[in-house]
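The lines below spell out each chain.
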Amino acid sequence: MSKISLRRKPDTMSIVFVVLAAFILLFIFVPPIKTIASSSPGTLWDTLLSKDVYSSILLTIYAALIATLIGFFLGVPLAYILARHEFWGKRFLEGLIDVPIVMPHSAVGIALLFVFGSNFLMGRFLNDIGIGFVDKVAAIVFAMMFVSVPFLIDSAKEGFKTVDVRLEKVARTLGASPWRSFFRISLPLAWRSIFSGSVLMWARGFSEFGAVYIVAGHVPFFGYHPVAAPVLVTELFESPGGLKAAQPLTVLLILICLIIFIVLRTASYKGKKA
Amino acid sequence: MITIKNLKVDLGNFLLRDINLDIEEGEYFIILGPTGAGKTILLEAIAGLYPVLKGEIWIDSREITRLNPEKRGIGIVYQDQALFPHLSVQENIAFGLKMRKYPKQELRSKINAMAEMVGISHLLERGPVTLSGGEKQKVALARALATDPKVLLLDEPLSALDPETKERMQGELREMHRRVKVITIHVTHDFEEAIALGQRVAILNNGSIVQVGTPEEFLRHPSSEFVARFALSRNIFTGRVVDAEANYALIDIGGVKLAALTGLRDEVHLSLRPEDILISKEPLGSSARNSFQGMVSDIADRGSVIYATVSLPPDFVCLITRQSFEELGLKKGVKAWITFKTSAIHVF
């Protein structure tokens, strides 16, 4: 990579590009920074201690984690198949997997209700086994999973693609079964991509509003009935307190995302160094 | 021994077909073919890593055609070595042993023995990315041989190496094979490599085997145009180093002794391009150390150029332009001098 040197006479294009870049950077950074800066630590702390808020944050962290675990278990095999095999309709399938990213998220919620709602077969099944769906944790998990699993699948697929297929072949000739070659060679070598895809999936699930809002309001969660944190922000905003009431929780959510971002970056940086 | 009967493999845009090979116990067998002839796929088919359409593969009296690769006892070394990048050198060597449940207490000594055999004992703790091409090749060899395979497959093992390392690795492959005596199938596109290492050589062209024989048979009776093109593009001799110091050697090729630059000793092969030989009626007063008188035994007219065979003996094929051919007045039976530089001789 070459560094842009601004010491010597910069050409016109560089100047224009830097100015344009500055605009978009300001646009990205100013709103969250201003929201954080205009809040007081005391209010944040008080907000965090309110049961509505912390149970909501815990619920959201928990649901996003369960969604990611399920997504990992089902998504990694799919990613491996897509990275290793050519088959008819593969391009189309890959496109399809990314549809949740571009679908309106309220529409995602409606679509989920058409499968898992109590009037439908899968919904009745979930009710029968005691998990339930509408206004249950399961609904939040499914909504989060639907909108965020493409990130994990895509990232894991790219990770597997970077693993030379000859490494797996050599492992086979050395006596490894397909399972062992996968767990000893392919998975460890693709791990960084899979991990960062998982963190991305978790973070995307954590911040999901639209689909969650449609399928679940207050859900039973460890003896309480919280709503998911992004939904709570909206509820606070629509309350008489308006913008002011929504601010502390907003700041908390931004901070959580920042922490996740830093963890992700550190992990992948360490991975690169190793 | 390994027997391949009527093997047919689909390579997508063409077929490998009618592949029949019998490779004896302890043989070093070369499959020679141009790039893109499907040599790597043929090795993968033998190892069970690529599906075969038809035919049979036998090791001794056991048919392995439909066996999974991990059950075949066939080791493979790829051109790019394919070392496991997340494992150290010793973990790479240990991989197959662990997969095959090798007794834990003997693991250490087996790894050390393998490392010692290929000369990488000082590298055991290192990661593969820090190794040179030659070192990686040795690790890959040690890893493949650690599980005591019945057959060792080498996919262009020397072509990714620089010329100096290549010459040394060639010697080490020969030495490795002398010690381990494993059936070795080595594929290459390099004619000289095939002549130097192969006890027998099979030529693969257009998807099938066109000739099988010893290197000597190839040089004397190239049965296909493909082989002949290889064989006639240079003068190839077998010889013995009779005197040597440092990087210089005097090599007896049966009658005459040639001066050449090489670190190799004992039995060697030499090649000399026809265009590198000067032909003259009188001895040339040049600094070239190789100058001999012989008799013109054959003239092959190719239009603007002429191939003249000068017999000392042995025969040297020389390439000259029509102009100098006419100036020299060469014809069958006349005496002529041939002169070439020590550096024109490639020893392998």
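What you see is a predicted model; the values in this text were computed from it and never measured. (Residues numbered from 1 in each chain as written. Chains lettered and ligands numbered in written order. Predicted model: local features only at pLDDT ≥ 70, side-chain atom pairs only at ≥ 80, totals over all residues. Heavy atoms only, no water.)

Considering the overall build of chain A
Part 1 of the reasoning: In terms of helices and strands, chain A carries 13 helices and zero strands.
Part 2 of the reasoning: Beginning at the N terminus, the succession of helices and strands in chain A can be written as α-α-α-α-α-α-α-α-α-α-α-α-α.
Part 3 of the reasoning: Once the C-alpha set of chain A is aligned to its principal axes, its extents read approximately 70 × 65 × 30 Å.
Part 4 of the reasoning: Restricting the contact set of chain A to residue pairs at least 6 apart, pairs at least 24 apart contribute 73%.
Part 5 of the reasoning: Here chain A has roughly 16,100 Å² of accessible surface; of this, 72% comes from carbon and sulfur atoms.
Part 6 of the reasoning: Charged side chains in chain A number 25 positive and 15 negative. The centres of these two groups are separated by 13 Å. (Helix = DSSP H or I, 4+ residues; strand = E, 2+ residues; numbered from the N terminus. Contact = heavy atoms within 4.5 Å. Areas by Shrake-Rupley, 256 points an atom, 1.4 Å probe, with all protein chains shown as cover. Lys, Arg positive; Asp, Glu negative; His and termini not counted. Charge placed at Lys NZ, Arg CZ, Asp CG, Glu CD.)

Some details on the pattern of salt bridges
Part 1 of the reasoning: Inspection of every chain in the model, using the stated rule, returns 22 salt bridges over all chains.
Part 2 of the reasoning: Close ionic contact of Arg91 of chain A with Glu94 of chain A constitutes a salt bridge, the shortest N to O distance being 3.7 Å. Separated by three residues within a single helix, Arg91 of chain A and Glu94 of chain A lie in helix α4 (residues 90-97), roughly one turn from each other.
Part 3 of the reasoning: Judged by relative accessible area, which is 70%, Arg91 of chain A ranks as exposed.
Part 4 of the reasoning: What makes Glu94 of chain A buried here is its relative accessible area of 12%.
Part 5 of the reasoning: In this structure, Asp148 of chain B and Lys110 of chain B form a salt bridge, with 3.5 Å as the shortest nitrogen-oxygen distance. In this pair, Asp148 of chain B sits in the loop between α4 (133-146) and β7 (151-155) while Lys110 of chain B sits in helix α3 (residues 104-118), placing the two residues 38 residues apart along the sequence.
Part 6 of the reasoning: For Asp148 of chain B, a relative accessible area of 54% puts it in the exposed group.
Part 7 of the reasoning: Taking relative accessible area as the criterion, Lys110 of chain B reaches 15% and is therefore assigned buried.
Part 8 of the reasoning: In the salt-bridge network here, residues are joined through shared partners; they are Arg91, Glu94 and Lys157 of chain A. (Salt bridge = Lys/Arg side-chain N within 4 Å of Asp/Glu carboxyl O. Buried < 20%, exposed > 50% of the residue type's maximum accessible area, 1.4 Å probe, protein only.)

Quick notes on the pairing of strand β11 (residues 235-245) of chain B
All names here are of chain B.
Part 1 of the reasoning: Here β11 runs beside strand β14 (residues 267-272); their pairing, made up of six bridges, is antiparallel. The residue bridging Arg240 from the neighbouring strand is Glu267, located in β14.
Part 2 of the reasoning: For β11 and strand β12 (residues 248-252), the ladder comprises five bridges, and the chain directions are antiparallel. Pairing of Arg240 across the sheet is with Asp252, part of β12.
Part 3 of the reasoning: Linking β11 back to β12 in an antiparallel pair, the connection comprises two residues, with Ala246 at a positive phi of about 45°. (Pairing = 2+ DSSP bridges.)

Overview of the packing of helix α8 (residues 137-161) of chain A against helix α10 (residues 178-206) of chain A
Residues and elements named next belong to chain A.
Part 1 of the reasoning: Orientation of α8 relative to α10, taken along the N-to-C sense of each, is 150°, at an axis distance of 7 Å. Of the possible angle classes, the one that applies to α8 and α10 is roughly antiparallel. Seen along the crossing, α8 lies across α10 with a hand that is right-handed.
Part 2 of the reasoning: When the residues that make up the contact of α8 with α10 are grouped by side-chain class, the tally is 15 nonpolar, nine polar and one charged. (Axes fitted to C-alpha atoms, helices over the stretch in contact; angles between N-to-C directions. Parallel < 35°, antiparallel > 145°, perpendicular 65-115°, else oblique. Left-handed = near helix turned anticlockwise from the far one by under 90°. Nonpolar A, V, L, I, M, F, W, Y, C, P; charged D, E, K, R; others polar.)

Structural notes on the sheet that holds strand β18 (residues 315-321) of chain B
Residues and elements named next belong to chain B.
Part 1 of the reasoning: In spatial order, the strands read β15-β19-β16-β17-β18; together these five strands make up an open sheet with antiparallel pairing. Edge positions in the open sheet fall to β15 (278-280) and β18, since each of these has one partner strand only. Adjacent strand axes in the sheet meet at a mean angle of 45° when their direction is disregarded.
Part 2 of the reasoning: Where strand β17 (residues 305-311) and β18 come together, seven bridges link them in antiparallel fashion. When the sheet's bridge partners are listed, Tyr307 is paired in β18 with Leu319.

Overview of the interface of chain A and chain B
Accessible area lost upon the coming together of the parts is a frequently used measure of interface size.
Part 1 of the reasoning: On the chain B side, the residues contacting the 18 residues of chain A number 26 residues.
Part 2 of the reasoning: Here chain A and chain B share an interface that buries about 2,000 Å² over both sides, 64% of which is from carbon and sulfur atoms.
Part 3 of the reasoning: Among the residues chain A hides against chain B, the three largest losses belong to Arg166, Thr173 and Leu174 of chain A. Together they make up 35% of the total.
Part 4 of the reasoning: Between chain A and chain B we count three salt bridges in total.
Part 5 of the reasoning: As a salt-bridge pair, Arg166 of chain A and Asp80 of chain B come within 3.9 Å of each other at their nearest N and O atoms.
Part 6 of the reasoning: Where chain A packs against chain B, one counts four residue pairs in polar contact (both at pLDDT 80 or more).
Part 7 of the reasoning: Listing elements by their share of the side of chain A that touches chain B, those giving two or more residues are α9 (165-173) and α10 of chain A.
Part 8 of the reasoning: Take the side of chain A that touches chain B: its biggest share by element is seven residues, from α9 of chain A.
Part 9 of the reasoning: When grouped by side-chain class, the residues that make up the side of chain A that touches chain B number nine nonpolar, three polar and six charged. (Buried area = accessible area lost by both parts, 1.4 Å probe. Polar contact = N/O pair within 3.5 Å; in protein donor to acceptor, adjacent residues only side chain to side chain.)

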